[in-house]
Amino acid sequence: MSNKTLPTWIDVGVIPLINVCLAFLVSGFVILLIGESPLEAVQWMITGAFGYAEGIGYTLYYTTNFIFTGLAVAVAFHAGLFNIGGEGQAYIGGLGVGLMCMSLDSFMPWWALIPFAIAAGAAFGAAWAFIPAYLQAYRGSHVVITTIMFNFIASALMVYLLVNVLIEPGSMSPQSRVLADAAILPSMKDVFAVFGVNIANSPLNIALFLALICCVLVWLLLWHTRLGYSIRMIGFNEQAAVYSGINTRRTIVITMCISGALAAMVGINEVMGAQGRVLLDYVAGAGFTGIAVSLMGRNHPVGIIIASLLFGALYQGGAELSFEVPSITRDLVVVIQGLVILFCGALSLMIKPTIEKLFMKFFAAKERANV
Amino acid sequence: MLSQDNTSQGAARSPAIDLRKINKSFGPVKANKDVDLIVAKGSIHGIIGENGAGKSTLMSILYGFYEADSGEIWVNGKLTSIHSSKDAITTGIGMVHQHFMLIDTFTVLENVMLGAEQSSSLKQSKKSARAELQRLSTEFGLAVDPDAMTGDLAVGLQQRVEILKALYRGAEILILDEPTGVLTPQEVQQLFDILQALRERGVSVMLITHKLQEIIAITDEVTVMRGGTMVAPRETAKTNKEELAELMVGRKVLLRVDKEPAKPQQVLLEAKNLTLLDSAGIARLDDVSLQVRAGEILGIAGVSGNGQTELLDVLSGISAVQRGSVVLNGVNIDKNNVLNAKDFRHLSLGHVAEDRHKQGMVTQFSARECAIMGFQDEPEFNGRLLMDNAAVTEHCASLMQQFDVRPNNPHLKAANFSGGNQQKLCIAREIERQPKVLLVGQPTRGVDIGAIEFIHQQIVSLRDAGNAVLVVSVELEEVMSLCDRIVVMFEGRIVGEMAAVDADAQKLGLLMGNAGGGDSDNSTTGVVS
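Everything numeric here is computed off the predicted structure, so don't read it as measured data.

### What about the overall build of chain B?
Move 1: Helix and strand counts for chain B stand at 18 helices and 20 strands.
Move 2: What you see for chain B is a C-alpha radius of gyration of 25 Å, in line with the 24 Å of a compact globule of 529 residues.
Move 3: Overall, chain B is about 75 × 55 × 45 Å in size when its C-alpha atoms are taken along their principal axes.
Move 4: By residue count, 47% of the 529 residues in chain B fall in the buried class.
Move 5: When contacts within chain B are restricted to residue pairs at least 6 apart in sequence, those whose partners lie at least 24 apart make up 68%.

Below you can see the structure in the form of structure tokens.
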């Protein structure tokens, strides 16, 4: 029967929560195994992520990146496309942001520059997503394969450009010149200072607001526009979309371009914000984490914000943990992050049948009590 | 397996199946309420009811897919608990599903023994399976070539393989779920012969169907289900179609379509020499030409899979015209003038898709989103940037009211409506704009009797308003009673045409199996004589 479904609050609330707890439980065993106290580790992680102002700043800074890449994956996912290429799209998008900023930063402050930077980044990210999208829609090459390959191409291309073209003359490290101070996005510290509040310094900048705006825009796009209606219909049932007279190929290409443009906004946070220049590997896996974020957030902007916060905390808390407890190395922190991704992403449906059964039992008992 | 059979010999007089006070709920929905059912040994027992009456749930409980919340299952006089289909098979219950569970690229023998191999050596298993299959084939008159590739067999023969699979596993009680949906009338007759042979050898058969004439034709006893309860057990000899229909629906039902003779006028839709090749180069449509006139309903009869789907796709703009042309309301559409489904709609074409789950609606969407499919770009549903969601909801609510879709809730997920109400919503969406030409695929597939009547009325009144209607249906009764003119399709070609008043099941059936044509022995391929 089709009505064997759980209420939404269990599906999107309780189940992810249990998954996270399971991941931490297994992580706890791993930490026990190397002879450290899991409780202490958890304590370090939580204090690291939320315990002091600078930590919170870092957590939210990571969160910003994950919101962008999470939204990118989600938009594509609604059209039934699995965009694994967020990493490359963010990387190339950052190149667009960097090039635009470097050509205009000598005479434009950040607030005049930002529309151009966003446009350039979005165009570069979209262009990087366009080729796999075109191949998927018109040639049938699977977008999963092509986007993965495009990550490698992006990475190689950026190394070439940073080593040979964009490198600051006289510098030893492969990175571009630093942008003019006025062109760099104000950090949250500066923003709060305007209101007379003093907070600790961190890479967190106003790109966080851009991320939240993007969440609203994606929500509007998917559930309040014709394009979103078409995207979701293609994702659920492509045959029905053809029946409805939707140009599925064109819609697939447009969707992927939007997805690539969203991933490219990582470039705003990093190149125009935290780093102030283009440098090697600045995306640092945010594109891949976006997949887990989107899965966990059920491809909904609100869910993505919450999941991004969790992963932001994991990143920041994890860094703190490996710093404070020397026997828990960075690699072990990656194991913990990996477990969370495993349980929330790959195994997200593992416990569903059990929960369903439990719920049915509870529900049936309640029904009987009511009768 | 065999030892268990021996123990039940003492209870030879007891019924094959005795269900007592079976209850099953899904959340707040009571799918089965205190259901009692007795199936006598060696009888054919029909179970009839509308969609959602609880037939499938009951059979799923018997076959171990679900467990009952309460109640007892007695098989051959023994209280039994069935937790899985494996338990059911061990108890001697076999099931033939509506959609066959066969692997097309396996031979008949491999399919029959799959999962029930006697030995870990494949060669040894095949040897013993072959002997057993031979025995069953001769005993029950189920002739199938064990080495034929299953996918190459005609549908009727594939069904035999399914029955053999069940018998091979020692089934003494056979459940058949809507077995005749995909068969020609001749194949149905063959199936009934098989069922009779099974009955004579002591196998009990449970036939689940929504077709009244089958119940009358073959069963010994019949049980009617309605709203999760057993309404009435009847001896088939002592009842009739009208009584059964009334019991199913709970009120008197009109079984014939009530309509005036057609008054055909000018041609509104014409197909000229349509030919469509699939990606493998096989002709799915082969030189199809037909005309549909204003004020008439043209029916297309045929066993499913003979080009009807492709024809609808081309006539509605889902597939591009490859060869030939379509003339719709005076506009010529061919490979030089390719139009998509939206353009066809703008030429005043309505299209109720054959398969609402695959094409006609998106079950994950809410009803209000389904209600604008194909019309999503119309200005009435759109503001300058965003969609006018209020207008969409209002539109859906008005459709639901006009076409009596229940529950009357535009925000409910489409999947949560019954088949009949889903179909009403699809038909409402297409008819509401009074299209000049309406294509309807399987107007009443998976729709309960009460809604069938309503849907037929809607189609007839669109015709009476001077529009052209083309109906594709695999239900012969429906084609004959609803349509004014009938063409029969076989392997992508039109093999016959007649006025509905001249048609009968025998004539149409012969055309559908192409018994008049050259390769009439198609349905017997793979049979060992």
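### Topic: the overall build of chain A
Move 1: On a plain count of helices and strands, chain A comes out with 16 helices and 0 strands.
Move 2: At 22 Å, chain A has a C-alpha radius of gyration in line with the 21 Å of a compact globule built from 371 residues.
Move 3: Within chain A, contacts between residues separated by at least 24 positions form 76% of all contacts whose residues are at least 6 apart in sequence.

### Brief notes about the pairing of strand β20 (residues 493-499) of chain B
Residue and element names in this part refer to chain B.
Move 1: Across 6 bridges, strand β19 (residues 485-490) lies against β20 in antiparallel orientation. Bridging across to β20, Phe 490 finds its partner in Arg 493.
Move 2: Linking β19 to β20, which pair antiparallel, is a turn of 2 residues; within it Glu 491 sits at a positive phi near 50°.

### Some remarks on the nonpolar core
General note: in soluble globular proteins, nonpolar side chains tend to be found buried as a group.
Move 1: Of all hydrophobic cores here, the largest spans 263 residues; its most connected members are A:Phe68, A:Leu71, A:Ala117, A:Leu262, B:Leu62, B:Leu174 and B:Val471.
Move 2: No other element matches helix α3 (residues 53-78) of chain A, which puts 15 residues into this core.

### Observations concerning the sheet that holds strand β17 (residues 437-441) of chain B
Strand pairing in a sheet relies on backbone hydrogen bonds, with the paired strands running either antiparallel or parallel.
All names here are of chain B.
Move 1: Read across the open sheet, the 6 strands follow the order β16-β17-β18-β13-β19-β20; overall the sheet is mixed. Each edge of the open sheet is held by one strand with a lone partner, namely β16 (349-352) and β20. Recorded for the sheet is a direction-independent mean angle of 15° between the axes of neighbouring strands.
Move 2: On top of the sheet, helix α15 (residues 419-431) reaches β16 and β17; it is set at about 175° to β16, its chief contact.

### What about the interface of chain B and chain A?
Move 1: Each partner contributes residues to the interface: chain B has 31 residues there, and chain A has 20 residues.
Move 2: Taken together, the elements giving at least two residues each to the side of chain B that touches chain A come down to β1 (17-26), β2 (29-39), α11 (341-346) and α12 (356-360) of chain B.
Move 3: Taken together, the residues that form the side of chain B that touches chain A break down as 13 nonpolar, 12 polar and 6 charged.

### Considering the environment of B:Asp147
All names here are of chain B.
Move 1: Here Asp 147 is to be found in the loop between α5 (122-140) and α6 (155-168).
Move 2: Residues Asp 147 and Leu 109, spaced 38 residues apart in sequence, show a C-alpha to C-alpha distance of 6.3 Å.
Move 3: What Asp 147 contacts, discounting residues up to four positions off in sequence, is Thr 107 and Leu 109.

### Comments concerning the sheet that holds β1(B)
All names here are of chain B.
Move 1: Pairing within the open sheet is antiparallel, and its 4 strands lie in the order β2-β1-β4-β5. The sheet is open, and its two borders are formed by β2 and β5 (78-80), each paired with just one other strand. The average undirected angle you get between the axes of adjacent strands in this sheet is 30°.
Move 2: Sheet topology note: the strand β4 (residues 70-75)/β5 ladder contains 3 bridges and is antiparallel. Within the sheet, the bridge partner assigned to Val 75 lies in β5 and is Lys 78.

### Describing the environment of B:Glu394
Residue and element names in this part refer to chain B.
Move 1: Mapped onto the elements of the fold, Glu 394 is located in helix α14 (residues 389-402).
Move 2: Judged by the 15 C-beta atoms lying within 10 Å of it, Glu 394 is partly exposed.
Move 3: The spacing of Glu 394 and Phe 381 is 13 residues in sequence and 10.0 Å in space, taken between C-alpha atoms.

### Re the pairing of β1(B)
All names here are of chain B.
Move 1: Bridge count between β1 and β2: 7 bridges; the pairing is antiparallel. When the bridges of β2 are listed, Phe 26 appears paired with Val 29.
Move 2: As paired elements, β1 and β4 share 5 bridges and run antiparallel to each other. Along β4, the bridge assignment pairs Asn 23 with Ser 70.

### A few points about the packing of helix α4 (residues 86-104) of chain A against helix α12 (residues 266-274) of chain A
All names here are of chain A.
Move 1: The N-to-C vectors of α4 and α12 enclose an angle of 45°; their axes lie 8 Å apart at closest approach. It follows that α4 is oblique to α12 by the angle criterion. The two elements α4 and α12 cross, and the hand of that crossing is right-handed. Contact residues: α4 offers Ala 90, Gly 93, Gly 94, Gly 96, Val 97, Gly 98 and Cys 101, while α12 offers Val 266, Gly 267, Ile 268, Glu 270, Val 271 and Met 272.
Move 2: Residue composition of the contact of α4 with α12, by class: 7 nonpolar, 5 polar and 1 charged.

What counts and how
Residues numbered from 1 in each chain as written. Chains lettered and ligands numbered in written order. Predicted model: local features only at pLDDT ≥ 70, side-chain atom pairs only at ≥ 80, totals over all residues. Helix = DSSP H or I, 4+ residues; strand = E, 2+ residues; numbered from the N terminus. Rg over C-alpha atoms; globule rule 2.2 N^0.38 Å. Buried ≥ 20, exposed ≤ 12 C-beta atoms within 10 Å, placed from the backbone. Contact = placed C-beta atoms within 7 Å. Pairing = 2+ DSSP bridges. Core = buried A, V, L, I, M, F, W, Y, C linked by C-beta atoms within 7 Å. Axes fitted to C-alpha atoms, helices over the stretch in contact; angles between N-to-C directions. Nonpolar A, V, L, I, M, F, W, Y, C, P; charged D, E, K, R; others polar. Parallel < 35°, antiparallel > 145°, perpendicular 65-115°, else oblique. Left-handed = near helix turned anticlockwise from the far one by under 90°.

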